[in-house]
Amino acid sequence: VFFGCETQGDLGIQYDLGSDANVRFVEFTLPATNMFLDSLRTDSENRVLAGRYTDPVTGSLTAEGYFEFLYDDGPLPRGTNDDSDSIELDSIVVILETTASLSASNNVQLSLRLAQLEEELSIASVFLSSTQQDTVNPLRSFSRIINTSTDTLFRFSLDSSFAQLFYNELSSIAGDDDQFITATKFNALGLVTDEDTECMLSFDLASDTSSLVVYSSPVEIGERDTSYLTYFRFTGADYTYLERDRSGSQFEGITEQMNFDLSSNETIIDPLAGITTAFDLSQVTDFFEDNPSIIINNATLAYEFEAEDERDTLVSFVNFFRKPDLSIFGPALASTSTAFNNVVMSDNAYLRAQFDTAAGRLS
């Protein structure tokens, strides 16, 4: 904590501090512990996770990713209200690009199922990692050994019967003057993980490559060398469901929101596992109360950590204040009226009265 004392001659300062004006530095070693939080928010990140990963410290994780798709560009069947379509379906393909992975080695088994959800997702809703969706239509499965460092594009050719039903729906929408394809919502898709999967992947929904593509061609035989592509982008609501199994790990039996100490006296920050570090600020608040006439110039929280090569993925995080019942005030990020009282803010936020949380950075 850097703090300074100004003289009375400076505009706006009413303290007569004489010759003791100075800038000083004081450092506190804060007691820290672990805590478990089940209410991880994973929606509207333009990415979803799918797969499985086991960590000897925090336990096993299984992820399912859910996401919407909306019309973007390309021709539709029956676009001119004719009695019959001039183009017909060839195939429908879902293409997904990955940006990161968690695995014990590069060559691992990946088994995923692409399925349609039972209902739509609402972009106005808050989706937590503890909420699992029901699937109704299995669309395609993927199972093979992959190389997580080089295999980044995954293609799912959708089941032919579902593809034709979806194409018929597009034809109906395009042929109805009261319906608009740009305003139509379809049931969301889900990436479901099978038990033999040995890695967890992060899929970038905002990538230029990630899309649902409808391939069609002219009905007229003489024009069959032409192919049309209609694109649907993965925009709208999305989130990741996480199933956590801490049995056999160092965190087995931990109670949510309660402090938990490891025998190694170390703390963990693992958002996927719901494990985070909690520290006590009472020394700092006591110092502020004992020194009411100082001006705080800057305060920095620093964490010393041991790098784990296989899980060296945490590069940024946000600090929350805890409530008297030891829970955190999660809505602080969603409401600017409470943010300054419940989330640790950046310097500019306090100076300019702006809602800007102080995110930690790896250095």
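Rules used throughout
Residues numbered from 1 in each chain as written. Predicted model: local features only at pLDDT ≥ 70, side-chain atom pairs only at ≥ 80, totals over all residues. Heavy atoms only, no water. Phe/Tyr/Trp six-rings, centres within 6.5 Å; stacked < 30°, edge-to-face > 60°. Lys NZ or Arg CZ within 6 Å of the ring centre and 35° of its normal. Core = buried A, V, L, I, M, F, W, Y, C linked by side-chain atoms within 4.5 Å. Buried < 20%, exposed > 50% of the residue type's maximum accessible area, 1.4 Å probe, protein only. Contact = heavy atoms within 4.5 Å. pLDDT = per-residue confidence, 0-100. Helix = DSSP H or I, 4+ residues; strand = E, 2+ residues; numbered from the N terminus. Pairing = 2+ DSSP bridges. Salt bridge = Lys/Arg side-chain N within 4 Å of Asp/Glu carboxyl O.

**Some details on the packing of aromatic side chains**
Considering all chains together, one arrives at 19 aromatic pairs under this definition. Members of the aromatic cluster, each reached through a chain of ring pairs, are Phe69, Tyr71, Phe162, Phe166, Phe186 and Phe232. We note Arg246 situated over the ring of Phe36; from NZ or CZ to the ring centre the distance is 4.1 Å.

**Points about the nonpolar core**
By size, the foremost hydrophobic cluster in this structure holds 40 residues, and its most contacted members are Phe166 and Leu212. If we ignore the near neighbours within four places in the chain, the residues touching Phe166 are Phe69, Ile92, Phe186, Leu212, Val214 and Phe232.

**With respect to the confidence of the model for the protein**
Taken as a whole, the protein shows an average pLDDT of 86; of its residues, 90% reach a score of 70 or greater. Note that pLDDT drops below 50 for residues 6-13; the model gives that stretch 12 contacts with residues more than four away or on any other chain.

**Side note on the pairing of strand S15 (residues 238-245)**
Of all eight residues in S15, six are buried, a share of seventy percent or more. Note that strand S5 (residues 59-67) and S15 share eight bridges and pair antiparallel. If you follow Ser60 over to S15, its bridge partner there is Asp245.

**Looking at the pattern of salt bridges**
This structure, assessed with the given rule, holds seven salt bridges. Between Asp38 and Arg244 there is a salt bridge; the shortest N-O distance is 2.8 Å. In this pair, Asp38 sits in the loop between strand S3 (32-36) and strand S4 (47-55) while Arg244 sits in strand S15, placing the two residues 206 residues apart along the sequence. Measuring nitrogen to oxygen at the nearest pair gives 3.3 Å for the salt bridge that ties Glu45 to Arg47. Here Arg47 falls in the partly exposed class, since its relative accessible area comes to 42%. What you see here is one network of salt bridges that share partners, running through Glu68, Glu120 and Lys185.

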